[in-house]
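Commentary on secondary and tertiary structure
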Amino acid sequence: RVKERGKAHYQFYRSDMTSSLSNVISLETKLRKAIQKKELKLYYQPQIDLNGYTFNSFEALLRWESLSLGVVAPNDFIPLAEDTGLIISIGNWVIETACEQIKVWKALYNKDVRIAVNISPKQFQQPNFIEVIRTSIQKFKIKPSMLEIEITEGLMGNIKEAIPILRKLKELDVIISVDDFGTGYSSLSYIKQFPIDVLKIDQSFVKDVVTNAKDAAITTTIIHLGQNLGMEVIAEGVENKEQEDFLKKANCQKAQGYYYSKPLTCEAAEQFLRGF
Ligand code: C2E
Ligand code: MG
Ligand code: MG
Ligand code: MG
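Residues numbered from 1 in each chain as written. Chains lettered and ligands numbered in written order. Predicted model: local features only at pLDDT ≥ 70, side-chain atom pairs only at ≥ 80, totals over all residues. Heavy atoms only, no water.

Around ligand 1 lies a shell of 22 residues, among which Arg 63, Asn 118, Asp 179, Glu 239 and Tyr 258 are the nearest. A distance of 2.9 Å separates an oxygen atom of ligand 1 from a polar side-chain atom of Arg 63. Between ligand 1 and the protein, one listed contact pairs an oxygen atom with a side-chain N or O atom of Asn 118 at 2.8 Å. Protein chains shield 84% of the accessible area of ligand 1, which is 800 Å² for the free molecule. Those elements giving two or more residues to the shell around ligand 1 turn out to be strand S2 (54-66) and strand S6 (175-181). Among the elements that take part in the shell around ligand 1, S2 stands out by supplying four residues, more than any other. Partitioning the shell around ligand 1 into residue classes produces eight nonpolar, seven polar and seven charged. (Near = heavy atom within 4 Å. Polar contact = N/O pair within 3.5 Å; in protein donor to acceptor, adjacent residues only side chain to side chain. Areas by Shrake-Rupley, 256 points an atom, 1.4 Å probe, with all protein chains shown as cover. Helix = DSSP H or I, 4+ residues; strand = E, 2+ residues; numbered from the N terminus. Nonpolar A, V, L, I, M, F, W, Y, C, P; charged D, E, K, R; others polar.)

Right, let's get into the packing of aromatic side chains. Here the structure, examined in full by the defined rule, presents ten aromatic pairs. Between the aromatic rings of Phe 124 and Phe 129, the centroid separation amounts to 5.6 Å while the plane-to-plane angle is 50°, which identifies the pairing as tilted. Side by side, Phe 124 and Phe 129 carry an identical accessibility label, which is buried. Through successive ring pairs, a cluster of aromatic residues spans Tyr 44, Phe 55, Phe 58, Trp 105 and Phe 272. (Phe/Tyr/Trp six-rings, centres within 6.5 Å; stacked < 30°, edge-to-face > 60°. Buried < 20%, exposed > 50% of the residue type's maximum accessible area, 1.4 Å probe, protein only.)

Function-wise, these values are silent; they only describe arrangement.
Structural data, given as structure tokens:
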């Protein structure tokens, strides 16, 4: 079991930061160059099937391995990437890299490994978003159902525009999941209207699921909702056996969290894969 590395964590940038404009500008310049310098990396966190401990999917999580700043976590640069539009090229790179990885692992281990990628609302709203996905799938000749697209409830603010995009995604046969489920401005009507395959229970509910009756009720309800609608349900942020026991009893299919593994470098993910 791997524990969270104790890392000094501070916020590099927030959208509402007004204090030091020059810092933000220099960070933007660094991020712009990071793409060319190949300082962006995908880490892979395993998702465990609780029914028999099988494993067939990872979530891809972005890291910026900056020479001058060290390893920068996504929450410290994705808001900046969104505000500057850099998220489009970064997001396209994430999709390509994930598709290529699916192909490489299939070739190396003859295993179909599903990879989930996080999609920012801005990226989702690009007119060529579907084309980017289609092109990557074709370029690496992967099974579309090995690619999972994680969206957040933030998108649901604009249901009318989101529905045709999601339908086209589904026509491609990729998997669609809702990340951080239950934390946004949820409306059950979008659950009905959207072609959703997976609900990801937000880690804020999982954290105290064993001790807090409300978290327990919410978690159980999301699991039932998913089940009744024929969706897969995965719990995020599982850190100990007690949480796992609760989730198993509640019939949650999958779990992801430090209890199983932290997000792994590509090399470490391959080691993990070989172990299964
Ligand atoms: P998320 O998609 O909800 O990802 C889950 C976050 O929880 C990740 O943080 C992961 O490292 C962390 N985590 C995993 N297991 C545990 C656990 O047991 N306990 C706790 N406390 N945390 C756990 P990370 O990697 O820092 O990513 C943060 C967020 O940044 C992600 O939240 C996602 O919204 C965003 N993000 C990451 N990669 C990308 C990307 O490629 N594109 C976009 N647009 N957003 C990304
Ligand atoms: Mg996610
Ligand atoms: Mg999440
Ligand atoms: Mg999140």
